[in-house]
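Tertiary structure, described
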Amino acid sequence: MSGARDLAYLCRELKHPSLLAGVERLGERARAEGWSHEDFLAACLEREVSSRQSHGGEARIASARFPARKTLEDFDFEHQRSVRKEVVAHLGALDFVEAKSNAIFLGPPGTGKSHLSIALGIRACLAGHRVAFATATQWVDRLAAAHDAGRLHDELRRLGRIPLVIVDEVGYIPFQGEAANLFFQLVSSRYERASLIVSSNKAFGRWGEVFGDDTVAGAMIDRLVHHAEVINLKGDSYRLRGRDLGRVPGDDDAGTNA
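Since we're looking at a predicted model, the values are computed, not measured.

Once that is clear, we can look at empty space enclosed by the protein. In total, this model carries one cavity of 30 Å³ or more according to the counting rule given. Residue lining of the largest cavity: Lys100, Ser101, Asn102, Val187, Arg190, Tyr191, Glu192, Ala194, Leu196, Arg223, Leu224 and His227, and that is the complete set. Among the secondary structure elements, those contributing two or more residues to the lining of the largest cavity are helix 9 (177–190) and helix 11 (214–226). Its residues assigned to classes, the lining of the largest cavity comprises five nonpolar, three polar and four charged.

This is how it looks when you write it as structure tokens:
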């Protein structure tokens with residue numbers, strides 16, 4: 001058997017499709033540039049590792065169930081001037097995930113909270129971390145179903161093995177009684193054990209309204225912010241930029257057949 005056929009056979013047996021696709025080209029480059037055997041082997045392995053990391057990242061992104069694809073590079077800091085690039089870049093380094101601390105985004109609708117939450121989550125996926133994303137209402141529904149099935153503890157333990165859980169849209173829909181308790185258990189179970197990203201359109205002072213209980217809200221906030229970067233976003237909605245929503249149509253806007 002020739003060396004090329006041997007390599008093709010071995011790559012298939014080892015299930016290294018990316019290496020199989022590139023080994024011939026790497027071989028040609030190695031001969032042209034006079035690589036050592038060690039250099040050639042390192043280049044082959046680097047290609048396979050890079051491919052696996054890329055594919056693994058995409059699999060983690062799909063598993064996280066993000067509603068859209070967002071990146072930190074796409075965030076419009078010219079429109080959203082209340083948050084500093086350095087702060088977002090620091091979060092983008094993902095040290096907070098390694099430290100099992102949290103990131104919290106507060107601000108009106110359309111100011112970039114979800115964009116930043118998703119973008120950090122996707123970056124974490126690409127860096128090798130498992131991530132789970134859902135809105136606050138979806139998380140409560142999921143935990144309520146687990147509670148009703150008698151497996152809430154198991155569900156919280158399962159989520160505890162995920163380094164980063166993202167809770168979007170806290171405050172858009174108020175919670176009642178048991179729902180607030182379930183959400184508190186999610187926060188409490190991750191305290192100093194794993195990271196949360198939380199976004200809310202309500203300031204912390206109004207979380208008692210959201211959860212229907214000032215005591216529960218206070219205990220939840222205490223655990224969230226103890227080890228957290230809290231970012232307050234301000235300004236108008238990015239989605240409504242350039243739109244004159246206060247303008248009343250005049251006669252000139254009416255159709256001739258009205």
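A word on the pairing of strand 1 (residues 102–106). Counting buried residues along strand 1, five of its five residues qualify, which places the element largely inside the surrounding structure. Strand direction decides the pairing type here: strand 1 and strand 5 (residues 228–232), joined by five bridges, are parallel. Opposite Leu106, over in strand 5, you have Asn232 as the bridge partner. Of the strand pairs in this sheet, strand 1 and strand 4 (residues 195–200) are connected by four bridges, and their pairing is parallel. Of the residues in strand 4, the one forming a bridge with Phe105 is Ser199.

Once that is clear, we can look at the side chain of Lys202. Looking at the secondary structure, you find Lys202 in the loop between strand 4 and helix 10 (207–211). Of the side chains with opposite charge, Glu209 lies nearest to the buried Lys202, which makes no salt bridge, at 6.1 Å. In terms of polar contacts, Lys202 uses its side chain to reach the backbone carbonyl oxygen of Gly171, at 3.2 Å. Sequence-distant contacts of Lys202, defined by excluding residues within four places in its chain, comprise Leu106, Gly171, Trp207 and Val210.

Strand 4 sits mainly inside the fold: six of its six residues count as buried. Side chains of strand 4 alternate between two faces, with Ser195, Ile197 and Ser199 and Leu196, Val198 and Ser200 buried alike. Remark: the strand 3 (residues 164–170)/helix 9/strand 4 crossover connection has right-handed handedness.

The next subject is helix 9. With 14 residues, helix 9 extends 21 Å between its outermost C-alpha atoms, agreeing within 8% with the 20 Å of an ideal straight helix rising 1.5 Å per residue. Within helix 9, the full set of buried residues consists of Ala179, Ala180, Leu182, Phe183, Phe184, Leu186, Val187 and Arg190. The inward-facing, buried residues of helix 9 abut helix 7 (136–148), helix 8 (152–160), strand 3, strand 4, helix 10 and helix 11. Glu192, located one to two residues past helix 9, shows a positive phi value of around 60°.

Under the defined criterion, the tally for this structure stands at seven aromatic pairs. Look at Phe75 and Phe77: their rings are 4.9 Å apart centre to centre, the planes differ by 70°, and that puts the pair in the edge-to-face class. Between Phe204 and Trp207, the aromatic rings sit 5.2 Å apart at their centres with planes inclined by 70°, giving edge-to-face as the arrangement. With a relative accessible area of 21%, Phe204 lands in the partly exposed category. Residue classification places Trp207 among the buried positions, given a relative accessible area of 0%. Joined through ring pairs, the aromatic side chains of Phe175, Phe183, Phe204, Trp207 and Phe211 make up one cluster. Positioned over the ring face of Trp139 is Arg142, at 4.3 Å from the centre of the ring.

Looking now at the packing of helix 7 against helix 9. It is at 9 Å that the axes of helix 7 and helix 9 come closest, and there the two elements cross at 95°. When the axes of helix 7 and helix 9 are compared, the pair comes out roughly perpendicular. Of the residues in helix 9, those touching helix 7 at Ala136, Trp139, Val140, Leu143, Ala144 and His147 are Glu178, Ala179, Leu182, Phe183 and Leu186. The residue makeup of the contact of helix 7 with helix 9, split by class, is nine nonpolar, one polar and one charged.

We now examine helix 11. Between the first and last C-alpha of helix 11 there are 18 Å, a value that for 13 residues agrees with the 18 Å anticipated at 1.5 Å per step. Three or more residues of helix 11 are buried, namely Ala217, Met220, Ile221 and Leu224. The buried residues of helix 11 occupy an angular sector of 100° when the element is viewed end-on, so they sit on one face. In the core, the buried residues of helix 11 are packed alongside strand 1, helix 9, strand 4, helix 10 and strand 5. Between the side-chain oxygen at the start of helix 11 and the backbone nitrogen of Thr215 there is a gap of 2.8 Å, and the oxygen is on Asp213.

Here is what the cut-offs are and how they apply
- Residues numbered from 1 in each chain as written.
- Predicted model: local features only at pLDDT ≥ 70, side-chain atom pairs only at ≥ 80, totals over all residues.
- Heavy atoms only, no water.
- 1 Å grid on protein atoms, 1.4 Å probe; cavity = no way out; pocket = protein on both sides within 12 Å on 5 of 7 lines; lining within 4 Å.
- Points joined across faces, edges and corners; volume = space filled by probe spheres on them.
- Helix = DSSP H or I, 4+ residues; strand = E, 2+ residues; numbered from the N terminus.
- Nonpolar A, V, L, I, M, F, W, Y, C, P; charged D, E, K, R; others polar.
- Buried < 20%, exposed > 50% of the residue type's maximum accessible area, 1.4 Å probe, protein only.
- Pairing = 2+ DSSP bridges.
- Lys, Arg positive; Asp, Glu negative; His and termini not counted.
- Salt bridge = Lys/Arg side-chain N within 4 Å of Asp/Glu carboxyl O.
- Polar contact = N/O pair within 3.5 Å; in protein donor to acceptor, adjacent residues only side chain to side chain.
- Contact = heavy atoms within 4.5 Å.
- Right-handed = clockwise from strand over helix to strand, strands pointing away.
- Expected span 1.5 Å × (residues − 1).
- Phe/Tyr/Trp six-rings, centres within 6.5 Å; stacked < 30°, edge-to-face > 60°.
- Lys NZ or Arg CZ within 6 Å of the ring centre and 35° of its normal.
- Axes fitted to C-alpha atoms, helices over the stretch in contact; angles between N-to-C directions.
- Parallel < 35°, antiparallel > 145°, perpendicular 65-115°, else oblique.
- Arc of directions from axis to C-beta.

This is a description of form; function is not addressed.
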